[in-house]
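# Structural overview
Spelled out, the chains give:
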Amino acid sequence: MRMHETGKSYFLIFCHLFSVYVDLINGQQEPAISFISKEKIASLGESIELICETAYASGNSVQWIKANEGGITLLSTGNTVSIPDDRIFLNNINEKFELRIDRIVENDKGRYLCRIQMPTKTIEASVNVTVRIPPVITDDSSRHVVTSVNASEIILKCNATGHPEPRISWRREKHKLLPNKRAFLLGNILKITNITKDHQGTYFCVADNGVGGDRRAISVEVEYPPSIRVIKERVGQALNYNQDLVCSVESFPSAAISWYKEDDPSQALSNNKNYNISIFPTNNEFISTTILRVRRIEKRNFGHYFCQASNKLGTVKGLIELFETQNVICPPDCSPLYSPYNSIPTTLPSFLTYLSIFLAIISPSFITIAI
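Thresholds applied
- Residues numbered from 1 in each chain as written.
- Predicted model: local features only at pLDDT ≥ 70, side-chain atom pairs only at ≥ 80, totals over all residues.
- Heavy atoms only, no water.
- Salt bridge = Lys/Arg side-chain N within 4 Å of Asp/Glu carboxyl O.
- Helix = DSSP H or I, 4+ residues; strand = E, 2+ residues; numbered from the N terminus.
- Buried < 20%, exposed > 50% of the residue type's maximum accessible area, 1.4 Å probe, protein only.
- Pairing = 2+ DSSP bridges.
- Contact = heavy atoms within 4.5 Å.
- Phe/Tyr/Trp six-rings, centres within 6.5 Å; stacked < 30°, edge-to-face > 60°.
- Lys NZ or Arg CZ within 6 Å of the ring centre and 35° of its normal.

Right, let's talk about the pattern of salt bridges for a bit. A full pass over the atoms with the stated rule returns 15 salt bridges. The residue Arg 293 makes a salt bridge to Asp 244 at a minimum N-O spacing of 2.8 Å. Placement of Arg 293 in strand β23 (residues 287-294) and of Asp 244 in strand β20 (residues 243-252) is noted, with a sequence separation of 49 residues between them. One salt-bridge network, held together by shared partners, links Asp 85, Arg 87 and Asp 108.

Encoded structure:
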């Protein structure tokens, strides 16, 4: 019995010593970071939560720090936010330190450090925060290009910022094909070679990264000398009637348009009793129609006329012959009620009057038609 009591006493002493030993070991345990959040990816305006769990850090300062190219920024120490930012909140329970950032902005991207600050050293772990940013086409991109036909090439540039990195593509207005004969082209450079007037128009640079998109219209202006299309090279008309001579002019920049009679090429025609000049726009902004109306044609008005178009790149002429006919050519004078100048009226009432007189002469018993 006595030996049994002695053994029990030794056992109790051993348990006490073991407990003291465990407490001693625990007291000397190195602080550590047992968990930190994985990389966070957020869009503008969203919220993120960063979690750092520690072990044996009691009595030491636990901090959240943001590292960037310009240095580091202390965000919090323990339970206190260290910067004046109403978007940042802390939620610390025991050894779990949670940092929440609301209304994410672009500058929130970067590397965040959870740090245990001890008297002689520091222990830290980090988590990256990526902010998704929609594309924005930058000001160093092309806006407006002016060139001329036969130029060797022009280069359109398009650059954009955003995250992820935007993909740049090119298109033309009204689904026209690009110089590569395709509907679109990838890349931030569009090169156009062997310039013709067909390259003129609006090109669209489109930036997209899955978060959003941006687009810019780039105007390409191709200057070229005028060209003239004569609608009809020989036009006839009877004396005392009107006739129109028509030319279609295409150019860029816009051409100055004049009309001349070939027997007096030094003197441009102007609006007077014999001539009326009109210029009309068309659905194509580079094409206009000009009409020379020769009014109450006299013998001296027959002959060759030419329309002339000039811009800084050149001058061109279109020749039209006005010749005499016995019959009236219409248009422009096609109305059944049309009365040529200095001639007897041919309206319906006058016709009936002459008809009644004629019938009365050949047949006295004819009843006169009431007018």
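Further remarks concern the pairing of strand β16 (residues 189-193). Residues Leu 190 and Ile 192 of β16 are buried on one face, while the alternating residues Ile 189, Lys 191 and Thr 193, pointing to the opposite face, are not. Two elements, strand β12 (residues 153-157) and β16, share five bridges in a ladder whose sense is antiparallel. Of the residues in β16, the one forming a bridge with Ile 155 is Lys 191.

Tracing the sequence through the fold places Asn 107 in the loop between β8 (96-101) and β9 (110-117). Residue classification places Asn 107 among the exposed positions, given a relative accessible area of 63%. Counting along the chain gives 24 residues from Asn 107 to Val 131, while the straight-line C-alpha distance between them is 8.5 Å.

The subject of this paragraph is the environment of Ile 320. Mapped onto the secondary structure, Ile 320 falls in strand β25 (residues 314-324). It is 9.6 Å that separates the C-alpha atoms of Ile 320 and Lys 261, two residues lying 59 residues apart in sequence. Excluding residues within four positions of it along the chain, Ile 320 makes contact with Val 230, Lys 232, Glu 233, Val 235, Leu 245, Val 246, Cys 247, Trp 259, Gly 303, His 304 and Tyr 305.

For the rest of this paragraph, the subject is the packing of aromatic side chains. According to the stated counting rule, one finds three aromatic pairs in the structure shown. Both rings, one in Phe 252 and one in Phe 286, keep their centres 5.6 Å apart while their planes meet at 90°; by these two values the pair is edge-to-face. Placement of Phe 252 in strand β20 and of Phe 286 in the loop between β22 (275-281) and β23 is noted, with a sequence separation of 34 residues between them. Relative to Phe 306, the ring of Tyr 260 has its centre 5.1 Å away and its plane inclined at 15°; by these criteria the two rings are stacked. On the criterion of sequence distance, the pair formed by Tyr 260 in strand β21 (residues 256-261) and Phe 306 in strand β24 (residues 303-311) is long-range, its members being 46 residues apart. Note on Phe 306: relative accessible area 6%, which makes it buried. The ring of Phe 204 carries Arg 215 above its face, with NZ or CZ at 4.3 Å from the centroid. Here the basic side chain of Lys 261 rests over the ring of Tyr 305, its NZ or CZ set 5.4 Å away from the ring centre.

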